[in-house]
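Coordinate analysis (summary)
Here is how the chains run, residue by residue.
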Amino acid sequence: MTTDFLVIGAGIAGLSFAIKAARHGSVTVITKNQALNSNTAWAQGGISAVLPEGLRAAEDSVEKHVADTLDAGAGLCHEDAVRTIIAEGAATIEELVEWGVAFDRDDASYQLGKEGGHSERRVLHAKDTTGREIATSLLETARNTPNLTLLEGHFAIDLITTAKLGAATEDRILGAYVLEESTGDVQVMRSDRIVLATGGCGKTYLYTTNPDSATGDGVAMAWRAGASIANMEFVQFHPTCFYNPGASGPEARSFLVSEAVRGEGALLLNAAGEEFTKNYDPRGSLAPRDIVARAIDTELKKTGAPCVFLDATRKPKGFMKERFPFIYETLLNFGHDAEEAPIPVVPAAHYQCGGVVTDLEGKTTIRGLFAIGEVACTGLHGANRLASNSLLEGNVMARRALAEILRLYPPGKQSPGAPGIPPWEHGDTAPPDELVNIYHNWDEIRRTMWDYVSIVRTDKRLQRAAFRLRNLRMEVREFYWGYRVNADILELRNLVAVAALIIDCAVRRKESRGIHFTLDYPEPLEEYRNDTVVRRF
Ligand code: SIN
């Protein structure tokens, strides 16, 4: 099939793009899951934006939001990206409201929350399920948009480019091989304009706040296609996930407790009841995430305690239930009453700050291939993302990418001389016979990354991880070529590629900066004040 725009991913970035692109040509959005399984839908805290005067906090300004973002990014943000994206906060909120998103309001204005690293209240939210509110509103809008086809259960296997088909001159996008999960058929989806909006890669780690779908598919595909990738060493760990050792699966062991809870006054305490984060940063519990996550990690290692505590009991009774009903009820289902006792918490992998390199129009290094949202590296986050900046980035970059695509590759103007794309060959491969191999490798990758490549790194730990990943990559390659593809094999193949990219980027950065911290080089160094860019030749 052929489509003017092929959008891979159905979170805030993909849907914001698709809804508007449909005014200009046919749009096909594919997602490997049910569309509501995106990282967007799981976001709790909210979306940061400086609203027009009268609606924002009296002291707030775009300049202050810019300054907070640059401060969190630890010297690696691209200031032009920060300024451009932050400046569009009010326009983004207006657009989302138009699409039906109902942010919490007082009579006159929006309620504004606060999170770590923000000097002012500027986080719009819908209680503690902001992401779900955004995702459901955008999905409903998308489903009612003419010219837009949403295909769930469709897994993009690989991008097809002229270079892959043997062209020696320019490299441009031609389409993608896509697995229809219910039938096992692989089809060629042909498009000169492909937008990657596949989200992040939290599932490379044993414990993560992300949904199962976060397997780094977009980064892995773009890497295989030869696009530049940057800053994959900067995986952000969220400081406060419910510590639940009795739970049966990893998912139940890393339920996110939003930073907004701290924004409303809950404090992080150690087992002795001390606000230990003050020993690491004067902002204490509301310091940027890298600082708080590292403070917790250090405290746990120092004291041997399994967790620290998030104390919301100091808030008036009924506060958690009213302001954070989803968190309160979920914890209650796990047997914990957050209004009665401090919540035991530990950090878990949360957000990919690096990704596919793009300019401020979402362009990657391959013509016609764009990347927006968490999958992309625009320079907004630098070495550490400021909380709640990502939903904003997803929507702003969708707007900018569409404008650029319409300028460069308007639909109707077919690119000349497109070579014929060969159909997918299943060859004589058989369905995988022993799923245990896949699950074993999946676990091994995630445990290796958790043990050796998480909050505190060393050269030795990274070398160990690199050694294991090399072996795992070979095994996964055998599965991929030896068996008929299915979603499990494809996710494993992407996961192992992205884990290797994280390690390679981390090995190159011989300093500590933002969320990349290594005991061997504990200080930031001027000579490393640049992006870690990697590319496959
Ligand atoms: C949270 O609610 O703490 C997550 C917000 C974010 O990661 O931006």
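Up top is the structure.
Residues numbered from 1 in each chain as written. Predicted model: local features only at pLDDT ≥ 70, side-chain atom pairs only at ≥ 80, totals over all residues. Heavy atoms only, no water.

Per the secondary structure count, the protein chain includes 15 helices and 19 strands. In terms of overall dimensions, the protein chain is globule-like: its C-alpha atoms have a radius of gyration of 22 Å, near the 24 Å expected for 537 residues. Each principal axis of the C-alpha atoms in the protein chain carries an extent, and together these give about 65 × 55 × 50 Å. Residue pairs at least 24 apart in sequence account for 73% of intrachain contacts in the protein chain once pairs closer than 6 positions are excluded. As displayed, the protein chain offers around 20200 Å² of accessible surface, 51% of which is attributable to carbon and sulfur atoms. Positive and negative side-chain charges of the protein chain, numbering 58 and 71 respectively, have mean locations separated by a distance of 3 Å. (Helix = DSSP H or I, 4+ residues; strand = E, 2+ residues; numbered from the N terminus. Rg over C-alpha atoms; globule rule 2.2 N^0.38 Å. Contact = heavy atoms within 4.5 Å. Areas by Shrake-Rupley, 256 points an atom, 1.4 Å probe, with all protein chains shown as cover. Lys, Arg positive; Asp, Glu negative; His and termini not counted. Charge placed at Lys NZ, Arg CZ, Asp CG, Glu CD.)

As a further point, take the packing of aromatic side chains. Centre distance and the angle of the planes are the two values used to describe a pair of aromatic rings. Here the structure, examined in full by the defined rule, presents 13 aromatic pairs. Centre to centre, the rings of Phe103 and Tyr110 are 6.3 Å apart; their planes meet at 85°, and the pair counts as edge-to-face. For the pair Phe103 and Tyr110, a shared accessibility class is recorded, and that class is buried. Measuring from ring centre to ring centre gives 6.4 Å for Phe479 and Tyr483, while their planes differ by 45°; the resulting arrangement is tilted. (Phe/Tyr/Trp six-rings, centres within 6.5 Å; stacked < 30°, edge-to-face > 60°. Buried < 20%, exposed > 50% of the residue type's maximum accessible area, 1.4 Å probe, protein only.)

A separate point is empty space enclosed by the protein. Under the defined criterion, the tally for this structure stands at five cavities of 30 Å³ or more. Taken as a whole, the largest cavity encloses approximately 50 Å³ of empty space. Every residue lining the largest cavity is listed: Val235, Phe237, Arg289, Asp290, Ala293, Arg294, Ile455 and Ile515. Broken down by element, the residue count for the lining of the largest cavity peaks at four residues, all from helix α9 (residues 289-303). Of the volumes computed, that of the second largest cavity is approximately 50 Å³. Lining the second largest cavity are 13 residues, with Cys353, Cys377, Gly379, Leu380 and His381 positioned closest to its centre. In terms of residue class, the lining of the second largest cavity is built from five nonpolar, six polar and two charged. (1 Å grid on protein atoms, 1.4 Å probe; cavity = no way out; pocket = protein on both sides within 12 Å on 5 of 7 lines; lining within 4 Å. Points joined across faces, edges and corners; volume = space filled by probe spheres on them. Nonpolar A, V, L, I, M, F, W, Y, C, P; charged D, E, K, R; others polar.)

What follows deals with the pattern of salt bridges. Counting across every chain of the model gives 39 salt bridges. For Asp158, the salt bridge goes to Lys164, with nearest N and O atoms at 3.9 Å. For Lys164, a relative accessible area of 40% gives the class partly exposed. Note that Glu259 is salt-bridged to Arg289, the shortest N-O span being 2.7 Å. Taken as a pair, Glu259 in helix α8 (residues 259-263) and Arg289 in helix α9 lie far apart in primary sequence, 30 residues in all. In terms of burial, Glu259 and Arg289 fall into one category: buried. Taken together, the shared-partner salt bridges in this structure form one network comprising Lys20, Glu88, Glu95, Glu361, Arg399 and Arg400. (Salt bridge = Lys/Arg side-chain N within 4 Å of Asp/Glu carboxyl O.)

Let's shift gears to the packing of helix α1 (residues 12-21) against helix α6 (residues 130-143). Running from amino to carboxyl end, α1 crosses α6 at an angle of 30°, the nearest separation of the two axes being 10 Å. Considered as vectors, α1 and α6 are oriented roughly parallel to each other. Both α1 and α6 take part in a crossing whose hand is left-handed. Contacts between α1 and α6 involve Ile12, Leu15, Ser16 and Ile19 on the former and, on the latter, Ile134, Leu138, Leu139, Thr141 and Ala142. Residue composition of the contact of α1 with α6, by class: seven nonpolar, two polar and no charged. (Axes fitted to C-alpha atoms, helices over the stretch in contact; angles between N-to-C directions. Parallel < 35°, antiparallel > 145°, perpendicular 65-115°, else oblique. Left-handed = near helix turned anticlockwise from the far one by under 90°.)

What the five strands build is an open sheet, ordered β6-β2-β1-β10-β17; its pairing is parallel. At either end of the open sheet lies a strand with only one pairing partner, and these are β6 (148-152) and β17 (369-371). Along the sheet, successive strands turn relative to each other by an average axial angle of 20°, direction set aside. Two strands pair when backbone bridges link them, and strand β1 (residues 5-8) and strand β2 (residues 27-31) are joined in this way by four bridges, in the parallel orientation. Note that in β2 the partner of Val7 across the bridge is Val29. (Pairing = 2+ DSSP bridges.)

On to the sheet that holds strand β12 (residues 235-242), then. What the four strands build is an open sheet, ordered β12-β15-β14-β13; its pairing is antiparallel. Pairing within the sheet leaves two strands with one partner each, and these edge strands are β12 and β13 (267-269). Between one strand axis and the next, the sheet turns through 45° on average, direction left out of account. The sheet contact formed by β12 and strand β15 (residues 343-352) spans six bridges and is antiparallel. Among the inter-strand pairings, His238 is bridged to a residue of β15, identified as Ala348.

Here the focus is the site of the ligand. Surrounding the ligand, one finds Gln44, Gly45, Glu115, His238, Ser258, Glu259, Arg289, His350, Arg385, Ala387 and Ser388. Note that an oxygen atom of the ligand is positioned 2.7 Å from one of the side-chain N or O atoms of His238. The contact in question runs from an oxygen atom of the ligand to an N or O atom on the side chain of Arg289, over 2.9 Å. Calculation on the ligand without its partners gives an accessible area of 260 Å², and the protein chains cover 94% of this total. The residue inventory of the shell around the ligand, partitioned by class, reads one nonpolar, six polar and four charged. (Near = heavy atom within 4 Å. Polar contact = N/O pair within 3.5 Å; in protein donor to acceptor, adjacent residues only side chain to side chain.)

For helix α11 (residues 325-333), the full list of buried residues reads Ile327, Tyr328, Thr330 and Leu331. Buried residues along α11 sit against β12, α8, α10 (319-323) and β15.

Mapped onto the fold, His516 is located in the loop between α15 (487-508) and β19 (533-534). In this structure the side chain of His516 is engaged in a polar contact, spanning 3.3 Å, whose partner is the backbone oxygen of Glu511. Among all residues touching His516, those that are not within four sequence positions of it are Glu233, Phe234, Arg457, Ala506, Arg509 and Glu511.

Estimates place the volume of the second largest pocket at around 450 Å³. Around the second largest pocket sit 18 residues that line it, and Tyr207, Leu300, Val346, Pro347 and Trp450 are the ones nearest its centre. Among the secondary structure elements, those contributing two or more residues to the lining of the second largest pocket are α9, β15 and α13 (435-452). Counting residues per element, the lining of the second largest pocket draws most heavily on α9, at three residues. In terms of residue class, the lining of the second largest pocket is built from 11 nonpolar, two polar and five charged.

This paragraph deals with the environment of Ile489. Among the structural elements, Ile489 can be located in helix α15. Each C-alpha atom of the pair Ile489 and Trp442 lies 9.7 Å from the other, and the pair is 47 residues apart in sequence. Those residues within four positions of Ile489 in sequence are excluded, and the remaining contacts are Pro432, Ile438, Phe479, Tyr480, Tyr483 and Arg484.

Just distances and angles here, no functional claims.
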